[in-house]
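# Chains, contacts and geometry: an overview
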Amino acid sequence: MNHAYEHIQEAASYIQSRTSARPEIGLILGSGLGVLADLVENPVTIPYREIPHFPVSTVEGHAGDLLIGTIEGRAVVMMKGRFHMYEGYGPEVTAFPVRVMKAIGAEKLLVTNAAGGINTSYEPGDLMVISDHLNLTGRNPLIGANDSRLGVRFPDMSQAYSPRLRQLAKATAEGQGFSLREGVYAGLLGPNYETPAEIRMLRTMGADAVGMSTVSEVIVASHAGLEVLGISCISNMAAGILDQPLSHDEVMETADKVKDAFLKLVLALIPKM
Ligand code: HPA
């Protein structure tokens, strides 16, 4: 028997017992971008461990709190820290919070991540609107009996990343004097960074950036009918492009450098989403 629906409802009821806010926008923050949490006004902070059926994140640089509050007058629910398959969670576990966000009222989702740049015209510190993704994890959060209360059996993914929100993000950045890149995000399992051969393969496949998150969350969001905006912070050039090894420290340093631009963009975007 599949208890997923009941688990979602129990998690949602618990959150609703802690706050009367009804968030319309969900936000998921990637590596080093947790600083966006400072944007949430009058937050109710709920540690993941207190929420029934929520997993707990284990990776350095990822906190584990759900924040509910407002940004520029819009009610939001923010995941400060997310779950990755490389931590040992199944894809449906990494995406569970997205279903809970939907259950408490969210209709839109902003997902952010740190990603390696595959497109050689990119530079570390660039921000990229995700136009589409390649799910190369070999896993899928929708496997198993489909619960039609959560979505249809065979969901369309042709506009998983909302054209309207992509356009809005690009126009907002232009208004702030910089350009967003736009490209395809390849989601792999990790936790090792890719080999140079894998990066050449991914480039041939049409990927512009690569990371270890996002795809299962967006598949579930799409299934749930959420309107999704994805933004990658290009934290490093992918393996084999530069003559230097990749490190988590570099990822965190670049994320730290772009945080002000990122904050400003998100602050301007939220009220228009
Ligand atoms: N590869 C995979 N995931 C990543 C990278 C990368 O180069 N940079 C940040 N996350």
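Under an unreviewed UniProt entry, the chain has the name Purine nucleoside phosphorylase and belongs to Paenibacillus melissococcoides. We quote the UniProt Function (unreviewed entry) comment for the chain here in full: "The purine nucleoside phosphorylases catalyze the phosphorolytic breakdown of the N-glycosidic bond in the beta-(deoxy)ribonucleoside molecules, with the formation of the corresponding free purine bases and pentose-1-phosphate. Cleaves guanosine, inosine, 2'-deoxyguanosine and 2'-deoxyinosine." Listed in UniProt under the heading Sequence similarities (unreviewed entry), the comment for the chain reads: "Belongs to the PNP/MTAP phosphorylase family."

## Quick word on the site of the ligand
Near the ligand the following residues occur: Ala114, Ala115, Gly116, Tyr193, Glu194, Val210, Gly211, Met212, Ser235, Asn236, Leu246 and Val251. In this structure, Ala114 approaches the ligand through a main-chain N or O atom, which is 3.3 Å from a nitrogen atom. A distance of 2.7 Å separates a nitrogen atom of the ligand from a polar side-chain atom of Glu194. Coverage of the ligand by the protein amounts to 95% of the 260 Å² it exposes when considered alone.

## Re the side chain of Asp126
Along the polypeptide, Asp126 turns up in the loop between β5 (108-117) and β6 (127-135). Within the local environment of Asp126, its side chain forms a polar contact with the backbone nitrogen of Glu123, the two atoms lying 2.8 Å apart. In this structure, Asp126 is in contact with Arg181, Ser232, Cys233 and Ile234, ignoring residues within four places of it in sequence.

## Brief notes about the nonpolar core
Judged by nonpolar contacts, the single largest core of 44 residues is most densely connected at Ile15, Leu66 and Leu109. Secondary structure elements with two or more residues in this core: α1 (4-18), β3 (65-71), β4 (74-80), α3 (96-103), β5, β6, α6 (215-223) and β9 (227-237). Top contributing element to this core by residue count: α6, with five residues. When residues no more than four places from it in sequence are discounted, the contact partners of Ile15 are Ile46, Ile51, Leu66, Ile68, Val100 and Ile104. Listed in part, the 33 residues of the second largest apolar core include Leu29, Val35, Leu36 and Ala173.

## As for a nonpolar patch on the surface
A surface patch of nonpolar side chains, amounting to about 250 Å² of accessible area, comprises Leu136, Met201 and Met205. Tracing the chain through its elements places Leu136 in the loop between β6 and α4 (163-175). Taking the relative accessible area as the measure of exposure, Leu136 reaches 31% and is therefore partly exposed.

## Thoughts on the pairing of strand β7 (residues 181-187)
By the criterion of burial, β7 is predominantly enclosed, with five of the seven residues buried. Relative to β7, β6 runs parallel, the two sharing seven bridges. Residue pairing in the sheet places Met128 in a bridge with Arg181 of β7. Summarising the sheet, β7 and strand β8 (residues 209-211) pair through three bridges and their orientation is parallel. Paired with Tyr185 across the bridge in β8 is Ala209.

## Side note on the environment of Phe83
Locating Phe83 in the fold gives a position in the loop between β4 and α2 (91-94). Its relative accessible area of 2% is what places Phe83 among the buried residues. Considered as a pair, Phe83 and Glu217 are 134 residues apart in the sequence and their alpha carbons are 9.6 Å apart.

## Side note on unusual backbone geometry
Geometrically, the link from Gly190 to Pro191 is a cis peptide bond, its omega value of 5° lying close to zero. Tracing the backbone shows Pro191 in the loop between β7 and α5 (196-204). With phi around 50°, Glu72 is a residue other than glycine that occupies positive phi space. Within the secondary structure layout, Glu72 lies in the loop between β3 and β4. In this structure Glu72 comes out as partly exposed when scored by relative accessible area, which is 43%. Phi at Thr214 takes a positive value of approximately 75°, unusual for a residue other than glycine. Mapped onto the fold, Thr214 is located in the loop between β8 and α6.

What counts, and where the lines are drawn
Residues numbered from 1 in each chain as written. Predicted model: local features only at pLDDT ≥ 70, side-chain atom pairs only at ≥ 80, totals over all residues. Heavy atoms only, no water. UniProt positions renumbered as here; feature names shortened; annotations may be inferred. Near = heavy atom within 4 Å. Polar contact = N/O pair within 3.5 Å; in protein donor to acceptor, adjacent residues only side chain to side chain. Areas by Shrake-Rupley, 256 points an atom, 1.4 Å probe, with all protein chains shown as cover. Helix = DSSP H or I, 4+ residues; strand = E, 2+ residues; numbered from the N terminus. Contact = heavy atoms within 4.5 Å. Core = buried A, V, L, I, M, F, W, Y, C linked by side-chain atoms within 4.5 Å. Buried < 20%, exposed > 50% of the residue type's maximum accessible area, 1.4 Å probe, protein only. Patch = residues over 30% accessible without salt bridge, like charges linked within 9 Å, V, L, I, M, F, W, Y side chains within 5 Å. Salt bridge = Lys/Arg side-chain N within 4 Å of Asp/Glu carboxyl O. Pairing = 2+ DSSP bridges.

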